[in-house]
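# Residue-level structure breakdown
Each chain, written out:
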Amino acid sequence: MAAGPLRIGVDLVQISQVANSIDRFGEAFTRRLFTDDEIRYCGTDPATAPGRFAARMAAKEATFKALGVADGGLDPRGVEVRRSASGACSLTLHGAARGHADAAHLGSWSVSLSHEGDYAIAMVVALAGKKQESVDSPP
Amino acid sequence: MTERIRNILKEHGRLSKDAATLPEDADLYQAGMTSHASVNVMLAIEGTFNIEFPDSMLKRSVFESIAAIRAAVEQLTAGG
């Protein structure tokens, strides 16, 4: 794996496909991919939940790309998107994902989410250096 | 078992190739399966075979081919 002080990852997810997965598999789908807090935030409103879940799916995959482990099959729940009261989102890593980040000395993480129409996108930036729990992105 | 796996892949794998004729060792990700689709495939397999993949088996390699999926299902059903 190429080492460097800066890593980026990006991923695009089709919202209607996420809605289909939720319709087909329900909680079995969300519980395999998302933390309890993420599930609580995304909710069950069909007008908003699929887009929120899709953006978080993109963030998890983008994080795996930034870690250089997109093929490694890490637990998606090890990458958690948290949203502050102001609306800014941040990343918190757990378990194996945290272990990979620590091994690569990637201490600062930032995430930006967006969705438009049927697609949600996430971009993640990681910076080597002293560990910070999370770095908020602009709202 | 293989035919049921192929049917699941046809329904949920979003493959660019025909799951009915895909070689058993063909790379499903190369055939167009996304990570999202692989989750759907996993959940459909769990429902069809009444099994649950433990976290330790939630790896890309477990779902990379028909043969790999069959081996995983055989392992889990044998353990039941």
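The structure reproduced in this document is the subject of the present report.

### Digging into the packing of aromatic side chains
This structure, assessed with the given rule, holds two aromatic pairs over all chains. Centroid distance A:Phe34 to A:Phe53: 4.7 Å. Interplanar angle 50°. Geometry classified as tilted. Of this pair, A:Phe34 sits in the loop between α2 (27-33) and α3 (36-42) while A:Phe53 sits in helix α4 (residues 49-67), and the two are 19 residues apart along the sequence. Sitting over the face of the ring of A:Tyr41, A:Arg52 holds its NZ or CZ atom 4.5 Å from the ring centroid. For B:Arg60, the ring lying beneath its charged end belongs to B:Tyr29, and the centroid distance is 3.7 Å.

### Topic: the interface of chain B and chain A
In this complex, chain B contributes 17 residues to the contact, which on the side of chain A involves 17 residues. In total, chain B and chain A occlude about 1,300 Å² of area from one another, counting both sides; carbon and sulfur atoms represent 53% of this. When residues of chain B are sorted by the area they lose upon contact with chain A, B:His36, B:Leu43 and B:Arg60 head the list and together hold 40% of the total. For the interface between chain B and chain A, the tally reads three salt bridges. With a shortest N-O distance of 3.1 Å, A:Arg77 and B:Asp55 are connected by a salt bridge. For the interface between chain B and chain A, the tally reads eight residue pairs in polar contact (both at pLDDT 80 or more). Elements with a contribution of two residues or more to the side of chain B that touches chain A: α1 (2-12) and α2 (35-49) of chain B. For the side of chain B that touches chain A, the per-class residue count stands at six nonpolar, four polar and seven charged.

### A closer look at the nonpolar core
Counting residues in each nonpolar core, the largest one holds 65 residues, and the members touching the most others are A:Phe29, A:Trp109, B:Leu9, B:Met33, B:Ile45, B:Phe53 and B:Ile69. Counting residues per element, this core draws most heavily on α4(A), which supplies 11 residues. Here B:Ile45 is in contact with B:Ile8, B:Asn50, B:Ile51, B:Phe53, B:Ile69 and B:Val73, once residues within four sequence places are set aside.

### Some remarks on the side chain of A:Arg32
Position of A:Arg32 among the secondary structure elements: in helix α2. Looking at A:Arg32, the relative accessible area reads 9%, which means it is buried. Among the polar contacts listed, one links the side chain of A:Arg32 to the side chain of B:Glu46, at a separation of 2.7 Å. In contact with A:Arg32, not counting residues within four places along its chain, are A:Asp75, A:Pro76, A:Arg77, B:Met42, B:Leu43, B:Glu46, B:Glu52, B:Phe53 and B:Leu58.

### Details of the pairing of strand β2 (residues 79-83) of chain A
Residues and elements named next belong to chain A. With five bridges connecting them, β2 and strand β3 (residues 89-93) associate as antiparallel partners. The partner of arginine 82 across the bridge, within β3, is serine 90. Hairpin geometry of β2 and β3 is characterised by an intervening segment of five residues between the two adjacent antiparallel strands and by a positive phi of about 100° at glycine 87.

### A closer look at the side chain of B:Ser65
Residue and element names in this part refer to chain B. Within the fold, serine 65 resides in the loop between α2 and α3 (66-79). A residue is classified by how much of its surface remains accessible, and serine 65, at 8% relative accessible area, is buried. A polar contact is formed between the side chain of serine 65 and the backbone nitrogen of alanine 68, at a distance of 3.0 Å. Non-local contacts of serine 65, meaning those with residues more than four positions away in its chain, are made with Glu24, Asp25, Ala26 and Leu28.

### Brief notes about the sheet that holds strand β4 (residues 106-116) of chain A
Residues and elements named next belong to chain A. What the three strands build is an open sheet, ordered β1-β5-β4; its pairing is antiparallel. Sheet topology places β1 (6-14) and β4 at the edges, where each strand pairs with a single neighbour. Across the sheet, the mean angle from the axis of one strand to that of its neighbour is 15°, orientation sign disregarded. Pairing of β4 with strand β5 (residues 119-128), which is carried by 10 bridges, proceeds in the antiparallel orientation.

### Here we look at the packing of helix α1 (residues 15-25) of chain A against α2(B)
Close contact between α1(A) and α2(B) brings their axes to 11 Å; oriented N to C, the two are set at 10°. Relative to α2(B), the element α1(A) is oriented roughly parallel. Contacts between α1(A) and α2(B) involve A:Gln17, A:Val18, A:Ser21 and A:Phe25 from the former and B:His36, B:Asn40, B:Leu43 and B:Ala44 from the latter. Residues of the contact of α1(A) with α2(B), tallied by class, amount to four nonpolar, four polar and no charged.

Definitions and cut-offs
Residues numbered from 1 in each chain as written. Chains lettered and ligands numbered in written order. Predicted model: local features only at pLDDT ≥ 70, side-chain atom pairs only at ≥ 80, totals over all residues. Heavy atoms only, no water. Phe/Tyr/Trp six-rings, centres within 6.5 Å; stacked < 30°, edge-to-face > 60°. Helix = DSSP H or I, 4+ residues; strand = E, 2+ residues; numbered from the N terminus. Lys NZ or Arg CZ within 6 Å of the ring centre and 35° of its normal. Contact = heavy atoms within 4.5 Å. Buried area = accessible area lost by both parts, 1.4 Å probe. Salt bridge = Lys/Arg side-chain N within 4 Å of Asp/Glu carboxyl O. Polar contact = N/O pair within 3.5 Å; in protein donor to acceptor, adjacent residues only side chain to side chain. Nonpolar A, V, L, I, M, F, W, Y, C, P; charged D, E, K, R; others polar. Core = buried A, V, L, I, M, F, W, Y, C linked by side-chain atoms within 4.5 Å. Buried < 20%, exposed > 50% of the residue type's maximum accessible area, 1.4 Å probe, protein only. Pairing = 2+ DSSP bridges. Axes fitted to C-alpha atoms, helices over the stretch in contact; angles between N-to-C directions. Parallel < 35°, antiparallel > 145°, perpendicular 65-115°, else oblique.

The values are spatial; any link to function lies outside them.
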